[in-house]
Amino acid sequence: MATAKLSCLPTSCIPARGHRNSSHYRIRIKCAGIVDPSGIPAPMGQKTEYKDGWFEKAFMSLFARKMEKFASGGDSKKGFWDWDYESFVDVSRRVMIGRNRLQQQEVVREVLLSMLPPGAPAQFRKLFPPTKWAAEFNASLTVPFFHWLVGPSEVIEVEVNGEKQRSGVRITKCRYLENSGCVGMCVNMCKIPTQDFFTSEFGLPLTMNPNFEDMSCEMIYGQVPPPFEEDPASKQSCYATFCSMAKPSSDVCHKLKV
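Residues numbered from 1 in each chain as written. Predicted model: local features only at pLDDT ≥ 70, side-chain atom pairs only at ≥ 80, totals over all residues. Heavy atoms only, no water.

An unreviewed UniProt entry annotates the protein chain as Beta-carotene isomerase D27-like C-terminal domain-containing protein originating from Rhynchospora tenuis.

Written as structure tokens, this is what we have:
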């Protein structure tokens, strides 16, 4: 099995020299945005220091400006290049205010749809029917194009419906969860709406399994997500020491309740 390495640079992702004749590749990402030379996120309990370029900031700004239309506290009047990751996370937090779990998820759905040209979901369904190839291809795209949002990740082999395939993505330590420190934001503003968007709008099942012990996450393209009530994430308690909105006395994060 050959190994292909990619470096996530602020402007592009450049593949290193690999074995072209091999049918299997292991894609590993070292995110150039991490300040530490190792490219590895900080241990649990510590916050990773990132240095974002214009590529990352452009995506942060695009998403944040769309989400701010739904956020409490009014328009921040920020210019396009004034956004950074902290302010992007702050917008997400303000979107949660005054909305229940389902309403938060609907906002994210609307934001995602607004980022696409008309008819894009239907075109996606034609180009990427729910096949092994489509699942593996989308997993490979997730690694370089979403490092700005979740940090370093790599494509991994998973089992879907009894068949092994390279349609999994393992996120080393999710930047969104790390910076928000909020279980509710992870589940309501990322996990559930992203799963639903790919599964319902694009027709390509996706399951996301966050690990709240170390803030890693596993994405499995091609696997149908479980109902919310049966999902282990729905029973997760707050990060009492990380989240400003936490209610340590509650067994389940209060933001996960309707």
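So, next bit.
Looking now at the packing of aromatic side chains. Note on aromatic pairs: each is described by the distance of the centres and the angle between the planes. Inspection of the entire model under this criterion finds 19 aromatic pairs. Ring centres of Phe 197 and Phe 202 lie 4.9 Å apart, and the angle between their planes is 70°; on these two criteria the pair is classed as edge-to-face. A relative accessible area of 6% places Phe 197 in the buried class. Taking relative accessible area as the criterion, Phe 202 reaches 9% and is therefore assigned buried. Looking at Lys 78, its charged tip hangs above the ring of Trp 83, at a distance of 5.6 Å from the centre. (Phe/Tyr/Trp six-rings, centres within 6.5 Å; stacked < 30°, edge-to-face > 60°. Buried < 20%, exposed > 50% of the residue type's maximum accessible area, 1.4 Å probe, protein only. Lys NZ or Arg CZ within 6 Å of the ring centre and 35° of its normal.)

Attention shifts here to helix 1 (residues 54-68). For helix 1, spanning 15 residues, the distance from its first C-alpha to its last is 20 Å, which sits close to the expected 21 Å at 1.5 Å a residue. Taken as a whole, helix 1 has its buried residues at Phe 55, Glu 56, Ala 58, Met 60, Ser 61, Phe 63, Ala 64, Met 67 and Glu 68. The inward-facing, buried residues of helix 1 abut helix 2 (85-96), helix 3 (101-114), helix 5 (132-145), helix 6 (147-150), helix 7 (175-180) and helix 8 (183-201). (Helix = DSSP H or I, 4+ residues; strand = E, 2+ residues; numbered from the N terminus. Expected span 1.5 Å × (residues − 1). Contact = heavy atoms within 4.5 Å.)

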